[in-house]
Amino acid sequence: MIDTHTHIYLSEFNEDRMQVVDRAKELNVEALILPNIDLDSIDAMNKTCLEFPNYAYPLMGLHPSSVDANFETVLMRIENELKQNDFIGIGEIGIDLYWEKAFAEQQKEAFRVQSNWAADADLPVSIHSRAAYDEVISVLKSLKVMPKGVFHCFGGNVSQAKEVIQMGFHLGIGGVVSFKNSDLRNVLEHIDPKYIVLETDAPYLAPHPFRGKRNEPAYLKNIVQVLSEVYSISIENLDNLTSQTSKELFVIE
């Protein structure tokens, strides 16, 4: 298994980060992909990736909830970091109109700029899209060259899932699929598993039976168990399929 979206560099893991990684490895989680959030998270993310070489891989980007009136200056620093160090993708980027609507236009522009970086560098993107599906799709379709990547924490309907796939993107599936009140399982029944990648979004969105607690990469096991039931295929086959998809998309061995 590969956790394509986890934030184990955050302070929630400061006391036991090594143990968290050990538990993930024991359950055959073979790689972690760490998306950036903002300028303040860069050092912690890079340090964590250096602590776990060839296991934790960084993405560089500005999270939409961190976009404000000063976003252009922040993006200049993000772009400089991108040029100076090795990253396997651009993220976490996108639009979030659930938490913050005051800077909606700035979010769209920041998303457009960073998506163009990804397209120019042939790097995948990790897209955050909350209460903003139409806005995200509109920005992507306006680009001269559309990047590849993942719709992180996908929570749309069947029509939206198919549209995302037709545009060349994959669906990031995490703990929400295990929630009893989630319709995601019904949506995925209509989607070929070859378009899915696994993620936890740790420390957030822990799957059942850990809902409400700190999430961690080892809980991919619980997510895969649900997906194996959805698709009526073995956990091993689903692990292999999603891992191969993730490796090809993010170009990791």
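Each remark here, short or long, concerns the structure printed above.
Residues numbered from 1 in each chain as written. Predicted model: local features only at pLDDT ≥ 70, side-chain atom pairs only at ≥ 80, totals over all residues. Heavy atoms only, no water.

Caption draft 1: Region of interest: the pattern of salt bridges. Evaluated as defined, the whole model comprises 10 salt bridges. Among the salt bridges present, the one from Glu 105 reaches Lys 108, with a minimum N-O distance of 3.3 Å. Here the residue Glu 105 and the residue Lys 108 both occupy positions in helix H4 (residues 104-121), the gap between them amounting to 3 residues, near one helical turn. One salt-bridge network, in which partners are shared between bridges, spans Asp 16, Arg 23, Arg 214 and Glu 216. (Salt bridge = Lys/Arg side-chain N within 4 Å of Asp/Glu carboxyl O. Helix = DSSP H or I, 4+ residues; strand = E, 2+ residues; numbered from the N terminus.)

Caption draft 2: Expanded view of the packing of helix H3 (residues 71-84) against H4. In the contact formed by H3 and H4, the axes pass within 11 Å of each other and the chain directions differ by 20 degrees. Relative to H4, the element H3 lies roughly parallel. For H3 against H4, the interelement crossing comes out right-handed. Here H3 contributes Phe 71, Leu 75, Ile 78, Glu 79 and Leu 82 to the contact with H4, which in turn contributes Gln 106, Glu 109, Ala 110, Val 113, Gln 114 and Trp 117. (Axes fitted to C-alpha atoms, helices over the stretch in contact; angles between N-to-C directions. Parallel < 35°, antiparallel > 145°, perpendicular 65-115°, else oblique. Left-handed = near helix turned anticlockwise from the far one by under 90°. Contact = heavy atoms within 4.5 Å.)

Caption draft 3: Structural context of the side chain of Ser 178. Within the secondary structure, Ser 178 sits in the loop between strand S7 (169-173) and helix H7 (184-188). A polar contact is formed between the side chain of Ser 178 and the backbone nitrogen of His 208, at a distance of 2.8 Å. Residues contacting Ser 178, with those up to four places away along its chain left out, are Arg 185, Pro 207, His 208 and Val 226. (Polar contact = N/O pair within 3.5 Å; in protein donor to acceptor, adjacent residues only side chain to side chain.)

Caption draft 4: Quick look at the sheet that holds strand S6 (residues 149-151). The strand order across the open sheet built from 5 strands is S4-S5-S6-S7-S8, with neighbouring strands paired in parallel fashion. In this open sheet, the two edge strands, each paired with only one partner strand, are strand S4 (90-96) and strand S8 (196-198). If you compare each strand with its neighbour and ignore which way they point, the axes differ by 30 degrees on average. In this structure, strand S5 (residues 125-130) lies alongside S6, joined through 3 bridges in parallel fashion. Counterpart to Ile 127 in the pairing with S6 is Phe 151. In the packing of helix H8 (residues 220-231) onto the sheet, contacts are made with S7 and S8, and the angle to S8 comes to roughly 155 degrees. (Pairing = 2+ DSSP bridges.)

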